[in-house]
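Each chain, written out:
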Amino acid sequence: MSFFGKVVLVTGSTTGIGEACARVFAQSGARVMLSGRDVARGAAVRESIRSAGGEAQFMAVDLRAAGAADALVARTLECFGALHVLVNNAGILYSATAIETTDEQWLDTMAVNVNALFYLSRAAVRHMRVNGGGAIVNIASEWGLNGEPNHVAYCASKGAVLQITRCMALDHARDQIRVNCVCPGEIHTQMVDAILASKGGDVVRHLHALAAGIPLRRLAAPSEVAWCVHFLASEQASYVTGVNLPVDGGNDATSGPYP
């Protein structure tokens, strides 16, 4: 699954799943455009990839800003002259019920998790459809498939990602653009640590409790999601489009808490 000669844009690539995706694609020979709001972290990931022999650029961007998505795709084309793969990973999460969710939190969630993803995909398709096609891989969540208490905005946004994936896959199949989605379960990232820390008590104990309810009895590393993204973007998945792939240790196969 070589990506030599390919250009890959990964949003939210300064940490977690996005960073893992960027590293996996760079290891496979892709030229990678990193993006995110943390300038220092983005520069560090870029230099790390370069020091390992990869090729990467970084653009600091707040995807909530008007025109940010188009500007990011344009910058990618300016740096590398092409765009073959888009990984829509950037996302934010608020823990709240409907009553607790403020208008600002709802709009913020939709701006990043839905609007930016759509705008980026639209901009990428405009280039891909006249340049032989490409692949888009969206990062949703198992919570977009099944829901989760106290996360109504996040779950709604990830459900929207599933439908955007399906519809764009159908709209652009004849353009040779494949659109797929990965639905991660419990992944050990900084975001998960922050959520668990907000509950109080020992984070490690919370992690063990979380793992106990997963059929595989552990959380995944971000790289395990990244390799699934890598496959869906590769020529080995050339007949795969419109798929929402759970990467969740078996959670989606259960009808309730796993014993």
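Residues numbered from 1 in each chain as written. Predicted model: local features only at pLDDT ≥ 70, side-chain atom pairs only at ≥ 80, totals over all residues. Heavy atoms only, no water.

Comments concerning the overall build of the protein chain
Consideration 1: A count of helical and extended segments in the protein chain gives nine helices and seven strands.
Consideration 2: Relative to the compact-globule value of 18 Å for 259 residues, the protein chain shows a C-alpha radius of gyration of 18 Å, a close match.
Consideration 3: The principal-axis extents of the C-alpha atoms in the protein chain amount to approximately 50 × 40 × 35 Å.
Consideration 4: Sequence separation of 24 or more characterises 71% of the internal contacts of the protein chain that already satisfy a separation of 6 or more.
Consideration 5: Accessible surface, the protein chain as shown: approximately 12000 Å² in total, 54% of it carbon and sulfur.
Consideration 6: Counting 20 positive and 22 negative side-chain charges, the protein chain places the averaged centre of each group 6 Å from the other. (Helix = DSSP H or I, 4+ residues; strand = E, 2+ residues; numbered from the N terminus. Rg over C-alpha atoms; globule rule 2.2 N^0.38 Å. Contact = heavy atoms within 4.5 Å. Areas by Shrake-Rupley, 256 points an atom, 1.4 Å probe, with all protein chains shown as cover. Lys, Arg positive; Asp, Glu negative; His and termini not counted. Charge placed at Lys NZ, Arg CZ, Asp CG, Glu CD.)

Structural notes on a nonpolar patch on the surface
Consideration 1: A cluster of nonpolar side chains, W106, L107 and V152, forms an exposed patch at the surface whose accessible area comes to about 270 Å².
Consideration 2: Within the secondary structure, W106 is located in helix 4 (residues 103-128).
Consideration 3: What makes W106 partly exposed here is its relative accessible area of 36%. (Patch = residues over 30% accessible without salt bridge, like charges linked within 9 Å, V, L, I, M, F, W, Y side chains within 5 Å. Salt bridge = Lys/Arg side-chain N within 4 Å of Asp/Glu carboxyl O. Buried < 20%, exposed > 50% of the residue type's maximum accessible area, 1.4 Å probe, protein only.)

Regarding empty space enclosed by the protein
To find the voids left in a structure, one rolls a probe of water-molecule size over its atoms.
Consideration 1: Within this structure, the stated rule accounts for one cavity of 30 Å³ or more.
Consideration 2: Estimated volume of the largest cavity: approximately 50 Å³.
Consideration 3: Looking at which element gives the most residues to the lining of the largest cavity, the answer is helix 4, with five residues.
Consideration 4: Residue composition of the lining of the largest cavity, by class: six nonpolar, four polar and no charged. (1 Å grid on protein atoms, 1.4 Å probe; cavity = no way out; pocket = protein on both sides within 12 Å on 5 of 7 lines; lining within 4 Å. Points joined across faces, edges and corners; volume = space filled by probe spheres on them. Nonpolar A, V, L, I, M, F, W, Y, C, P; charged D, E, K, R; others polar.)

Observations concerning the layout of surface pockets
Consideration 1: Taken as a whole, the second largest pocket encloses approximately 450 Å³ of empty space.
Consideration 2: Lining the second largest pocket are 23 residues, and of these G134, A135, Q176, R178 and E235 sit closest to its centre.
Consideration 3: Of all the secondary-structure elements, those providing two or more residues to the lining of the second largest pocket are strand 5 (134-139) and strand 6 (177-184).
Consideration 4: Looking at the lining of the second largest pocket, its residues break down into nine nonpolar, eleven polar and three charged.

Focus: the pattern of salt bridges
Once their charged atoms are close, side chains differing in charge can pair, the charge on each being opposite to the other.
Consideration 1: Scanning the model with the defined rule gives eight salt bridges in all.
Consideration 2: Among the ionic pairs, E47 bridges to R46, the shortest N-O distance being 2.8 Å.
Consideration 3: Look at the salt bridges and you will find they share partners, linking E19, R23 and R41 into a network.

Some points on helix 3 (residues 68-80)
Consideration 1: The end-to-end C-alpha distance of helix 3, which contains 13 residues, comes to 18 Å, matching closely the 18 Å that a straight helix rising 1.5 Å per residue would cover.
Consideration 2: Residues of helix 3 that are buried include every one of A68, A69, L72, V73, T76 and F80, and no others. In an axial view of helix 3, the angular spread of the buried residues amounts to 135 degrees, which keeps them on one side of the axis.
Consideration 3: In the core, the buried residues of helix 3 are packed alongside strand 1 (7-10), strand 2 (31-36), strand 3 (55-60) and helix 4.
Consideration 4: The first or second residue beyond helix 3 is G81, which carries a positive phi of 80 degrees. (Expected span 1.5 Å × (residues − 1). Arc of directions from axis to C-beta.)

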